[in-house]
Amino acid sequence: MSAPLGAYEGIVGPAVLRQLRQLGEKLSGTRVVHVNSTREGGGVAEILEWMTPIMRELGLDASWEVIDGNPRFFEITKAIHNGLQGANVAIPVKGWKTFEDVNARNFKRLRPILEEADIVFIHDPQPAHLLRLCERRKGKWIWRAHIDISRPFRPVWKVLRSMVEGYDASIFSMAQFAQPLPHPQFLVPPSIDPLSGKNRDLSHAEIEAVRSEYGLDPSRPLLVQISRFDRFKDPVGVVAAYRMVRKVAPVQLVLAGGGATDDPEGKAVLEDVLEAAGNDPDIHVLLLPPDSHKTVNALQRMATIILQKSTREGFGLTVTEGMWKGKPVIGGDVGGIRLQVVNHHTGFLVNTPEGAAHRIRYLLHHQEGLDRMGATAREFVRENYLLTRHIREYLTLMLVTLRDTQANVVNV
Ligand code: UDP
C-alpha cells in the first residue's frame, strides 16, 4: 500500500503532483486492469503494489489481478523468461499447450473484468495469451515487458511474438529491448516508491536491530547484493569477487534473496551459492520471506557498496533502491543497470568477477569518491526513477492510446 500522493510533496515538489492530478482528471473513471503472475516477490509485484492505489487516488478505476498457475506452468514460464533473456531453452509443443490452458482457466475467472476494461496492462509473458482469448474486449490492451529482451532466443520469441503482435501497444524499459512489432512501442523505465517499507528512512535503532539479528560487524565494510536466487543475477560471481577482495580487505558479504512464487529455479541456484560460500563466516546467505521489506531496507542502508552483478537485467530495482539510499552500485554492464549506473558517477559497470573486485577495492580505498558517488546516485534517482515520473508516463501513454477510440472523451 502506498502513501497518499500529498506525502510525496517534500520529495518531488508540488508542481509534479499538480501535473499528475491534471492528467488524472483527464482519465477519471477509466477502467484499468493490471495482470501479472505473482502478488509478491520480484520487481513487477513491487511496482503494482503502489501503482494500483495511486491510479485509484488519481480518479481511475484501477485494479490488479494475478493469474494462478500450477508448478508445471511456472516451470514453462520460467523457461520462456530464460529464453527471452537469451538462454537456449527447449519448450516442447506440449509446454506451450500447458501455457495456453492455464491462461484459458484464468480467463474464465477474469473474463468480466477483462472484457469491460478500457485499458488492460499485461505484465510479462505469463498472462500474454489472455488477449487471444478475450474476443469481446472493449478496451485497448498493452503488453508490458519487464525483462531484458535485447537478444532473445529466437524460437521462444517467435511464439511469444505471435501472441504479442495482437496488442495495441507494448512497453519496454529501454530502447535496446524493443522488438519489431506492428504497433506503437513506449519506453518506460520502472521506478521505486520512496515512502514504501523498502525505501523509507529508517531510524538508527531499526538499522542496528537488523545488523545484530544477522550478526554483522559494524566496524568492517559490507557488500550487499539483494536478488532472487536466479542465475542471471550471478550470485556465484559475487562470491568470486568477494573472495578476491577478501585477500586484501576485511570485507563481509550479504547475499539476500527469497523466492517469487512464479520462480521455480531458486532452490537449485541457492544450493550452488551455498556451495560456493562454503563455511566462510563472513558470507551471509539470507533466505528472506517475501515481506521482509524493512530487512532489505536496513541491509541496503548498512551496505558500504551495493552489488548487482547481473548478466541480464530488465531494469534492476535493487540498483535503484541502493542508489536511493546514497550508495554507489557496482553492477553488471547489462540491460537496465546501464540506465542507472552512470559509470564513474553513480557507480561502476563491470563484466567479470575480477572487474567487480577491482572496483570494490578502488571504492574501499577512496572514501571521498565513495561518498560522492553515493550522493550523486541518490539525486539521479530523485530526478529519474521515482514513482511520480513513472505514473506520469503511464498516464500519458494511456491518454495517447485511448485517443484513437475516444477522441471526444479524452482531450490530450
Ligand atoms: N526483493 C526482496 N527480497 C528478496 C529479493 C528481492 O524484497 O529476497 C525485492 C528487491 O528489493 C526488489 C525486487 O524484489 O524490489 C527485485 O526487483 P528487480 O528489478 O531487482 O529484479 P527482478 O526480481 O524483478 O528480476
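For the structure itself, look to the data block above.
Analysis parameters
Residues numbered from 1 in each chain as written. Predicted model: local features only at pLDDT ≥ 70, side-chain atom pairs only at ≥ 80, totals over all residues. Heavy atoms only, no water. Near = heavy atom within 4 Å. Polar contact = N/O pair within 3.5 Å; in protein donor to acceptor, adjacent residues only side chain to side chain. Areas by Shrake-Rupley, 256 points an atom, 1.4 Å probe, with all protein chains shown as cover. Helix = DSSP H or I, 4+ residues; strand = E, 2+ residues; numbered from the N terminus. Nonpolar A, V, L, I, M, F, W, Y, C, P; charged D, E, K, R; others polar. Buried < 20%, exposed > 50% of the residue type's maximum accessible area, 1.4 Å probe, protein only. Arc of directions from axis to C-beta. Contact = heavy atoms within 4.5 Å. Salt bridge = Lys/Arg side-chain N within 4 Å of Asp/Glu carboxyl O. Pairing = 2+ DSSP bridges. Axes fitted to C-alpha atoms, helices over the stretch in contact; angles between N-to-C directions. Expected span 1.5 Å × (residues − 1). Bend = angle between axes of the 7 residues up to and from the residue.

S.K.: Would you mind going over the site of the ligand in detail, with residue names and values included?
M.R.: Lining the immediate surroundings of the ligand are 16 residues, of which Gly-43, Arg-228, Lys-233, Gly-258 and Glu-321 lie closest. Contact distances for the ligand include 2.8 Å between an oxygen atom and a backbone N or O atom of Gly-43. For the ligand, an oxygen atom lies 2.8 Å from a polar atom in the backbone of Gly-258. In the complex, the protein chains occlude 89% of the 540 Å² of accessible area that the ligand would expose alone. Those elements giving two or more residues to the shell around the ligand turn out to be helix H3 (43–57) and helix H12 (317–324). Considering each element in turn, the shell around the ligand owes the most residues, three residues, to H12. Residues belonging to the shell around the ligand are distributed by class as follows: three nonpolar, seven polar and six charged.

S.K.: Go over helix H8 (residues 204–213) with me, naming the residues and quoting the values.
M.R.: Since there are 3.6 residues in each turn of an α-helix, residues three or four apart along the chain are aligned in direction. Turning to H8, its buried residues number three or more, namely Glu-206, Ile-207, Val-210 and Arg-211. The arc that holds the buried residues of H8, viewed along the axis, is 140 degrees, so those residues lie on one side. Every exposed residue of H8 that faces more than 90 degrees away from the buried side is listed here: His-204, Ala-205, Ser-212 and Glu-213. Where the residues of H8 are buried, they touch helix H11 (293–302). Gly-215 lies just past H8 and shows a positive phi near 65 degrees.

S.K.: I'd like a rundown of unusual backbone geometry, residues and numbers included.
M.R.: Here the phi dihedral of Asp-234 falls at roughly 50 degrees; this positive angle occurs in a residue that is not glycine. Here Asp-234 is to be found in the loop between strand S7 (222–226) and helix H9 (235–246). By relative accessible area, which is 18% here, Asp-234 ends up buried. Backbone geometry places His-344, a non-glycine residue, at a positive phi of 75 degrees. Mapping His-344 onto the fold places it in the loop between helix H13 (337–340) and strand S12 (347–350).

S.K.: Now, about the pattern of salt bridges: what can you tell me, with residues and values included?
M.R.: In a structure, side chains of opposite charge can pair up when their charged atoms sit close to one another. If you walk through the whole model with that rule in mind, you get 27 salt bridges. Here Arg-31 ties to Asp-118 by a salt bridge, and the two come within 3.3 Å at their closest N and O atoms. Here Arg-31, found in strand S1 (residues 31–36), pairs with Asp-118, found in the loop between helix H5 (93–116) and strand S3 (119–123); they are 87 residues apart in sequence, far enough to count as distant. Here Arg-31 falls in the partly exposed class, since its relative accessible area comes to 34%. In this structure, the salt-bridge partner of Arg-301 is Asp-201, at a minimum N-O distance of 3.9 Å. Here Asp-201 lies in the loop between strand S6 (185–187) and H8 and Arg-301 lies in helix H11, a separation of 100 residues in the sequence. A relative accessible area of 17% places Arg-301 in the buried class. Among the ionic contacts, a cluster of salt bridges with common partners joins Arg-31, Glu-116, Asp-118 and Lys-138.

S.K.: Residues and numbers for the sheet that holds S6, please.
M.R.: Reading across the sheet, the six strands line up as S2-S1-S3-S4-S5-S6 and stay open at both edges, with parallel pairing between neighbours. One side of each edge strand has no neighbouring strand; the edge strands of this open sheet are strand S2 (61–66) and S6. The sheet shows a mean angle of 20 degrees between the axes of neighbouring strands, direction not considered. Direction of pairing for S1 relative to S2: parallel, over a ladder of six bridges. Each bridged residue has a counterpart across the sheet, and for Asn-36 the counterpart in S2 is Val-66.

S.K.: An account of H5 is needed here, citing residue identities and associated values.
M.R.: Between its terminal C-alpha atoms H5 stretches 32 Å, which fits the 34 Å expected from 24 residues at 1.5 Å a residue. Considering bend angle alone, the principal kink of H5 is centred on Leu-110 and spans about 75 degrees; proline Pro-112 follows within four residues of it. Turning to H5, its buried residues are Gly-95, Trp-96, Thr-98, Phe-99, Val-102, Asn-103, Asn-106, Phe-107, Leu-110, Leu-114 and Glu-115.

None of the figures reported here should be taken as evidence of function without further support.
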